[in-house]
Amino acid sequence: MVTLSYPFAEADVRALKAGDAVSVNGRIWTGRDRFHKHFADGGKLPVNFRDGALFHCGPVVVPQADGSWRVVAAGPTTSVRENPYEPAFIAQTGVRLIIGKGGMDANTLAACKKHGAVYLQAVGGAAALTAAAVKRVSGVYFLPEFGAAEACWQFEVEDFRCVVAMDAHGVSLFDRVREASQTRYTALCPVK
């Protein structure tokens, strides 16, 4: 298990390899479709993402009587929807960790390699478990404009576990699985 703490140093991120298990600690931000579209349309970003983490997530967050927030569920959103935006986001912001589920495309993989970022696979279907890693909500942006699921939430996390699915060396676990599956399929079902 590799421990990563915010701010996420480029050298530490570049040292990761596809398949590594990681424990993410410190500050991360959420961002989904409306957030990425806002960025793509030239909208101002609410925070400096350099050496930070962007989590593709639409959390369920409940206001508390004392004015704080409690995260009830924080499962990853399918990342493929952000493929049109992610390479530019990585290049322009200096973000180091993209967290989601389901993988991303070759353009995002190339951006990770060029700019020293990684794509981390979070566990899908375990939103309550992921929420337990969120120790505090330290901010929220675009809540009135985007709504709760699409807002940019600022979380403080401890031991948020993920797997490096796309590394800064150009290696993708998704490509490896696809190739291994094709090889196995060909062996089981030869063309006659």
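Cut-offs used in this document
- Residues numbered from 1 in each chain as written.
- Predicted model: local features only at pLDDT ≥ 70, side-chain atom pairs only at ≥ 80, totals over all residues.
- Heavy atoms only, no water.
- Helix = DSSP H or I, 4+ residues; strand = E, 2+ residues; numbered from the N terminus.
- Buried < 20%, exposed > 50% of the residue type's maximum accessible area, 1.4 Å probe, protein only.
- Areas by Shrake-Rupley, 256 points an atom, 1.4 Å probe, with all protein chains shown as cover.
- Lys, Arg positive; Asp, Glu negative; His and termini not counted.
- Charge placed at Lys NZ, Arg CZ, Asp CG, Glu CD.
- Core = buried A, V, L, I, M, F, W, Y, C linked by side-chain atoms within 4.5 Å.
- Contact = heavy atoms within 4.5 Å.

Draft legend 1. Structural context of the overall build of the protein chain. The helix and strand tally for the protein chain stands at seven helices and nine strands. Its C-alpha atoms put the protein chain at 70 × 30 × 30 Å along the principal axes. Within the span of the protein chain, comprising 192 residues, buried residues form 44% of the whole. Looking at the protein chain as shown, the accessible area adds up to about 9200 Å², and 55% of this sits on carbon and sulfur atoms. Side chains of the protein chain give 21 positive and 18 negative charges; the mean places of these two sets differ by 4 Å.

Draft legend 2. Layout of the nonpolar core. In this structure, Val 24, Leu 97, Leu 120 and Phe 160 are the most contacted members of the largest nonpolar core, which totals 29 residues. Listed by contribution, the elements that provide at least two residues to this core are strand S2 (21–30), strand S3 (53–55), strand S6 (97–100), strand S7 (118–121), strand S8 (134–141) and strand S9 (152–166). Looking at this core, the element that brings in the most residues is S9, giving six residues. Apart from residues lying up to four places away in sequence, Leu 97 is in contact with Leu 4, Phe 8, Val 13, Val 24, Gly 52, Ala 53, Leu 54, Val 118 and Leu 120. Ranked by size, the runner-up nonpolar core spans 22 residues in total, among them Val 95, Ala 117, Phe 146 and Met 166.

Draft legend 3. Just the environment of Val 72, in detail. Tracing the backbone through its elements, the reader meets Val 72 in strand S5 (residues 69–73). Residue class for Val 72 comes out partly exposed when judged on its relative accessible area of 34%.

Interpretation note: all reported values are geometric properties and have no functional meaning in isolation.
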